[in-house]
Amino acid sequence: MKASDTEVLSAIIMEIEEADRTDCLKHWRKVFGRSPPKYLSPRFIKRVLIWDAQCQLLGGVPAKTDRALRQIAAGKTPPVAVKPGAHLIREWNGRTYQVEVTRDGFVMGGKTYRSLTAIARRIAGAQWSGPRFFGLT
């Protein structure tokens with residue numbers, strides 16, 4: 001970030017912080033092309049406007065984060081990534097099962113499986129989505 005970017009951003013932030021509600025509404029319409037929801041407080045509107053200014057000047061969030069936020073906004077939960085070393089625990093019919101995530105797959109009871117779905121099928125005796133069975137989606 002250049003010194004001039006810092007100065008510009010500081011000026012924008014100061015302008016937004018000093019704005020009254022009417023000016024905030026005008027600024028919101030200019031930035032987003034429509035009026036904000038009626039229930040938003042001026043303080044929240046200012047925070048969103050400042051965030052938008054930072055994104056415009058410094059760059060927005062990474063594409064992966066943007067996709068996840070859009071999924072959440074649409075009421076969908078993004079898939080949870082499990083990393084090697086994680087342990088998944090599931091109780092089924094009074095018995096507790098523990099699965100370790102490895103680079104090569106998933107280990108349960110000393111046996112390596114390629115997918116959580118295979119483990120869920122083994123435990124439940126029926127077709128299940130492995131990630132759903134273990135509460136990851």
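Below: a short report on this structure. (Residues numbered from 1 in each chain as written. Predicted model: local features only at pLDDT ≥ 70, side-chain atom pairs only at ≥ 80, totals over all residues. Heavy atoms only, no water.)

This brings us to the packing of aromatic side chains. With the rule as written, the count across this model stands at five aromatic pairs. On the basis of an interplanar angle of 50° and a centroid distance of 5.2 Å, the ring pair of Trp 92 and Phe 133 is categorised as tilted. Of this pair, Trp 92 sits in strand β1 (residues 87-92) while Phe 133 sits in helix α6 (residues 130-133), and the two are 41 residues apart along the sequence. The class of Phe 133 is buried, set by a relative accessible area of 2%. Their ring planes at 80° and their centres at 5.0 Å tell us that Trp 128 and Phe 133 sit as a pair that is edge-to-face. Relative accessible area serves as the criterion here: at 29%, Trp 128 is assigned to the partly exposed category. Ring-pair connections join several aromatic residues into one group, and the members of that group are Trp 92, Trp 128, Phe 133 and Phe 134. Here Arg 90 stacks its cationic end above the ring of Trp 128, 6.0 Å away from the centre of that ring. Lying across the ring of Phe 133, Arg 90 places its NZ or CZ 4.2 Å from the centre. (Phe/Tyr/Trp six-rings, centres within 6.5 Å; stacked < 30°, edge-to-face > 60°. Helix = DSSP H or I, 4+ residues; strand = E, 2+ residues; numbered from the N terminus. Buried < 20%, exposed > 50% of the residue type's maximum accessible area, 1.4 Å probe, protein only. Lys NZ or Arg CZ within 6 Å of the ring centre and 35° of its normal.)

Further remarks concern the side chain of Arg 90. Looking at the secondary structure, you find Arg 90 in strand β1. Put simply, Arg 90 is tucked away with no salt bridge, and the nearest opposite charge, on Glu 91, sits 7.7 Å away. In contact with Arg 90, not counting residues within four places along its chain, are Arg 95, Thr 96, Tyr 97, Trp 128, Phe 133 and Phe 134. (Lys, Arg positive; Asp, Glu negative; His and termini not counted. Salt bridge = Lys/Arg side-chain N within 4 Å of Asp/Glu carboxyl O. Contact = heavy atoms within 4.5 Å.)

With that settled, consider the sheet that holds β1. With respect to topology, four strands assemble into an open sheet ordered β1-β2-β3-β4, the strand pairing being antiparallel. Looking at which strands have only one partner, the edges of the open sheet turn out to be β1 and β4 (111-113). Averaged over all adjacent pairs, the angle separating strand axes in this sheet is 30°, with direction ignored. Bridging between strand β2 (residues 95-102) and strand β3 (residues 105-108) involves three bridges; their strand directions are antiparallel. Opposite Thr 102, over in β3, you have Gly 105 as the bridge partner. Strands in contact with helix α5 (residues 116-124) are β1, β2, β3 and β4; relative to β3, the strand with the most contacts, it is inclined by about 25°. (Pairing = 2+ DSSP bridges. Axes fitted to C-alpha atoms, helices over the stretch in contact; angles between N-to-C directions.)

The values are spatial; any link to function lies outside them.
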